[in-house]
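# Tertiary structure, described
Residue-level listing of the chains:
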Amino acid sequence: MALLAPRLQTGGLAGEPGYVPIVIVYGFFDFSLYLDADHADLEVWYAVTAPAAHRVSRLIVLAGDKMGTLLAKNADVLVTMDGHRRELKNAGLFARDGMIEKVGPTAELPATADLVLDLRGHILLPGLVNCHHHLDQLLTRNLTAGQNTNLFPWLQAHYRIWASRTPEDTRTAALVGCAELALSGCTTVFDHAYVFQNGCKVDDQITAAGELGVRFAVSRGSMSLGQSKGGLPPDDCVESEEAILKDSIRVIDTYHDPAPGSMLQIVLGPCSPFSVTADLMRESAKMARHYGVHLHTHLCETLDEERYTLQHKGLRPVAYMEALDWVGRDVWYAHAVHVNDAEIRLFASKGAGICHCPSSNMRLASGIAPLTKYRDAGVRTGLGVDGSASNDGSNLLIEVREAMLLARLKMGLLPPEGPQTVLSTSDPLRAKEWLTARNALEIATIGGASVLGRSDIGSLEPGKCADFFTLNLNAIAYAGGLSDPVAAIIFCAPTGARHTVVGGRLIVQDGEIATVDMAPVIREHNRNAARLAALDV
């Protein structure tokens, strides 16, 4: 059966090498659309029976570069996160080919579109930006050996298990992690991948993220400093620096897309001061600046790390980064818990960013990052869930709430852990210290976009990517809290996204993943995780 449809991407004839499944349509038809390349100019498509693995029970919206038009209308509240931080009532947005053309009251938007979302009873928000994760760690969450310990022994309990994973293990882990993030309203995911043994490559994460449909940034990370040379990881878990740098060039050349609206960007991410050499840090920085990609590493996560750099380098971690030319606007750090005021001023003056990971820092007893000090100093600040073996969840909306609550906890502590004051937290002189729900939401959206160096995401404005999510305000969790719906979604217990849209494409529809049948993925992932947990390493 042939039919006319907007061309989304080319492929071969169905059943022949190179064909590309474009869309699976729901109902009793269960068919896929394929483009006959010989008729590409005529935009003729063929409907054939979908492979069983691709069949789903409901609509999956068209994928591809050309998305057509999208109208989201009638939202009770729309949070723009624009320069004026406007919050609009009975509003929505109109997008074409994945980019926003208009945001405003529903009455001022076009009346129709290829895809229409009626959002009565919903709040519509910019997609959340996750600035730090380790998707492969979904394979080892809640591992018994790591439940009650801090970072260094926790890492030592996990290194060899991570190094034992296969590319197939990575695929299910990345799908589960990206799905969990999307269900929490996250549209952009950064993955700090740095363990590459047993045939695993960063390509594995890239492929899985593409299947799910999230906007993706990923590090070609690295560990090169094994135990025999004074590092923390075992020697059989690290790579040679020659291999790391060679593969970094390959990954950048193959995948990095710096253009506005990019769905995939590459970052260079040596793991930490205690797992890579100074030479690799310097060479990675030179390479990143030559190719125009960003840099990322863990920094100042624990006092153990501080003791390590003082012992081995004679410097505090931040001073060590500065000596390696690793403080700049193209750099951001995960955690940055244990810093002093001078180091915060250095980050601000050089433009370096930080990613706050509240749940992980609590889980591993790492400490409380000085979030309000960062914001007051003008340091670019975003949020991350961190690895799901140091958090055991990939829910970014929970992190927004935890960031607000943890900042308030820090307010109430006495020096030296808390602020250098004995004034009551209710004293008017401390009013500006209170991190508000809107502050926390700002960090997770426009703040995260800034940390990743992106000006095309993080807010809902014309010319930006159509990345957003919606929450049902009629949920039990928000009942009684709707005098301020925006604050309610942070103060009240988080609920799952009703819809999550990335580049105009529905990734979550009616509270369920719409791009991948997750049930078989979860079953396979649980088998993979059980096999790895049983290893004697």
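This section reports on the structure supplied with the text. Small disclaimer: the values here were computed from a predicted structure and weren't measured. (Residues numbered from 1 in each chain as written. Predicted model: local features only at pLDDT ≥ 70, side-chain atom pairs only at ≥ 80, totals over all residues. Heavy atoms only, no water.)

## Describing helix 5 (residues 278-291)
Selection criterion: Here a strand is any run of E in DSSP of at least two residues, a helix any run of H or I of at least four, and the numbering for each starts at the N terminus. By this rule, a helix spans an expected 1.5 Å times one less than how many residues it contains. The contact definition used throughout considers only heavy atoms, calling two residues in contact when any of these lie within 4.5 Å.
An ideal rise of 1.5 Å per residue puts 20 Å on 14 residues; helix 5 measures up with 20 Å between its terminal C-alpha atoms. For helix 5, the elements touching its buried residues are strand 12 (215-222), helix 4 (241-255), strand 13 (264-270), strand 14 (294-299) and helix 7 (317-323). Two residues or fewer past helix 5, G292 is found with a positive phi of approximately 75 degrees.

## Quick look at the layout of surface pockets
Left-over empty space is what a probe sized like a water molecule reveals as it rolls over the atoms. To keep it simple, the criterion reads: Both site types are read off a 1 Å grid over the protein atoms alone. A 1.4 Å probe that fits but cannot get out defines a cavity, while an open set with protein on both sides within 12 Å along at least five of seven lines defines a pocket; lining residues have an atom within 4 Å of a point. Grid points are joined across faces, edges and corners, and a volume is the space filled by probe spheres set on the points. In this classification, the charged set is Asp, Glu, Lys and Arg, the nonpolar set is Ala, Val, Leu, Ile, Met, Phe, Trp, Tyr, Cys and Pro, and all remaining amino acids, among them Gly, are polar.
The computed volume of the second largest pocket comes to approximately 730 Å³. Breaking the lining of the second largest pocket down by element, the ones donating at least two residues are helix 6 (303-313), helix 8 (341-350), helix 10 (371-377) and helix 11 (396-412). Sort the elements by how many residues they give to the lining of the second largest pocket and helix 10 lands first, with four residues. For the lining of the second largest pocket, the per-class residue count stands at 12 nonpolar, eight polar and nine charged.

## Here's the deal with the packing of aromatic side chains
The condition is simple: Between rings of Phe, Tyr and Trp, where Trp is taken as its six-membered ring, a pair exists when centres lie within 6.5 Å; planes separated by under 30 degrees are stacked, by over 60 edge-to-face, and by other angles tilted. The cut-offs for exposure are 20% and 50% of the maximum accessible area for each residue type, with area from a 1.4 Å probe on protein chains only; residues under the lower value are buried, those over the upper are exposed, and the others partly exposed.
The final tally for this structure, using the stated rule, is seven aromatic pairs. Measuring from centroid to centroid gives 6.3 Å for F274 and Y308, while their planes differ by 75 degrees, and the two rings are edge-to-face. Note that F274 is positioned in the loop between strand 13 and helix 5 and Y308 in helix 6, a separation of 34 residues in sequence. Overall, the relative accessible area of 3% leaves F274 in the buried class. Centroid distance Y333 to F347: 5.1 Å. Interplanar angle 40 degrees. Geometry classified as tilted.

## Details of unusual backbone geometry
Cis rather than trans, the peptide bond between P415 and P416 has omega equal to 10 degrees. Among the secondary structure elements, P416 is positioned in the loop between helix 11 and helix 12 (437-451). With phi around 85 degrees, H335 is a residue other than glycine that occupies positive phi space. Following the sequence through the fold, H335 ends up in strand 15 (residues 331-335).

## Brief notes about the pattern of salt bridges
A side chain with one charge can pair with a side chain of the opposite charge if their charged atoms come near. Worth spelling out the cut-off: Salt bridges, as used here, are contacts in which a Lys or Arg side-chain nitrogen is within 4 Å of a carboxyl oxygen on Asp or Glu.
Enumeration according to the criterion identifies 31 salt bridges in this entry. Of the charged contacts in the structure, one is a salt bridge between R307 and D304, with a shortest N-O distance of 2.6 Å. Here R307 and its partner D304 are both found in helix 6, three residues apart, which amounts to about one turn of the helix. Between R454 and D456 there is a salt bridge, and its shortest N-O distance comes to 2.8 Å. Overlapping salt bridges bring together D203, R220, E239, D247 and R250 as one network.

## Notes on the nonpolar core
Test applied: What we call a nonpolar core is a set of buried Ala, Val, Leu, Ile, Met, Phe, Trp, Tyr and Cys residues that are connected through their side-chain atoms within 4.5 Å.
In this structure, I123, L128, L212, F216, M321, Y333 and F347 are the most contacted members of the largest nonpolar core, which totals 101 residues. Counting residues per element, this core draws most heavily on helix 2 (residues 167-183), at eight residues. Discounting chain neighbours no more than four positions away, the residues touching I123 are V77, V79, F469, T470, L471, L473, P485, V486 and I489.

## Overview of the environment of D536
In this structure, D536 sits in the segment after helix 14 (518-533). Its relative accessible area of 81% is what places D536 among the exposed residues. Distance from D536 to R160, taken between C-alpha atoms, is 9.4 Å for residues 376 residues apart in sequence.

## Remarks on empty space enclosed by the protein
All chains considered together, the criterion is met by two cavities of 30 Å³ or more. In this structure, the largest cavity encloses a volume near 130 Å³. In this structure, the largest cavity is lined by 17 residues; those nearest its centre are L151, L155, Y194, H298 and E301. No other element matches helix 1 (residues 151-163), which puts four residues into the lining of the largest cavity. Here the residues of the lining of the largest cavity are counted per class, giving eight nonpolar, six polar and three charged. In terms of lining, the second largest cavity is formed by H134, D136, Q137, W162, H192, Y194 and V195. Classifying every residue of the lining of the second largest cavity by side-chain character gives three nonpolar, three polar and one charged.

## Here we look at the pairing of strand 13
Convention followed: Here a strand pair is declared whenever DSSP counts at least two bridges between the two strands. Here is how to tell: hold the view so the strands point away, follow the path from the first strand over the helix to the second, and if it runs clockwise the crossover is right-handed.
The buried fraction of strand 13 amounts to seven of the seven residues, a majority that puts the element mostly inside the structure. Burial along strand 13 is two-sided: L264, I266, L268 and P270 facing one way and Q265, V267 and G269 facing the other are all buried. Direction of pairing for strand 12 relative to strand 13: parallel, over a ladder of seven bridges. Across the sheet, V218 pairs through a bridge with I266, a residue of strand 13. As a crossover connection, the stretch from strand 12 through helix 4 into strand 13 is right-handed. One ladder, built from two bridges, connects strand 13 with strand 14; its direction is parallel. When the bridges of strand 14 are listed, L268 appears paired with L295. Between the parallel elements strand 13 and strand 14, the chain passes through helix 5 in a crossover that is right-handed.

## Points about the pairing of strand 16 (residues 353-356)
Of the two faces of strand 16, the one holding G353 and C355 and the one holding I354 and H356 are both buried throughout. Note: strand 15 against strand 16, three bridges, orientation parallel. Bridging from a neighbouring strand, W332 pairs with G353 of strand 16. As defined by bridge partners, strand 16 adjoins strand 17 (residues 380-383) across four bridges and the pair is classed as parallel. Its bridge partner being in strand 17, H356 is matched across the sheet by L383.

## Some points on the environment of D118
If you trace the backbone, D118 turns up in strand 8 (residues 115-118). Considered as a pair, D118 and L71 are 47 residues apart in the sequence and their alpha carbons are 8.4 Å apart. Aside from chain neighbours lying at most four places away, what touches D118 is K73 and N74.

Keep in mind these values describe shape, not function.
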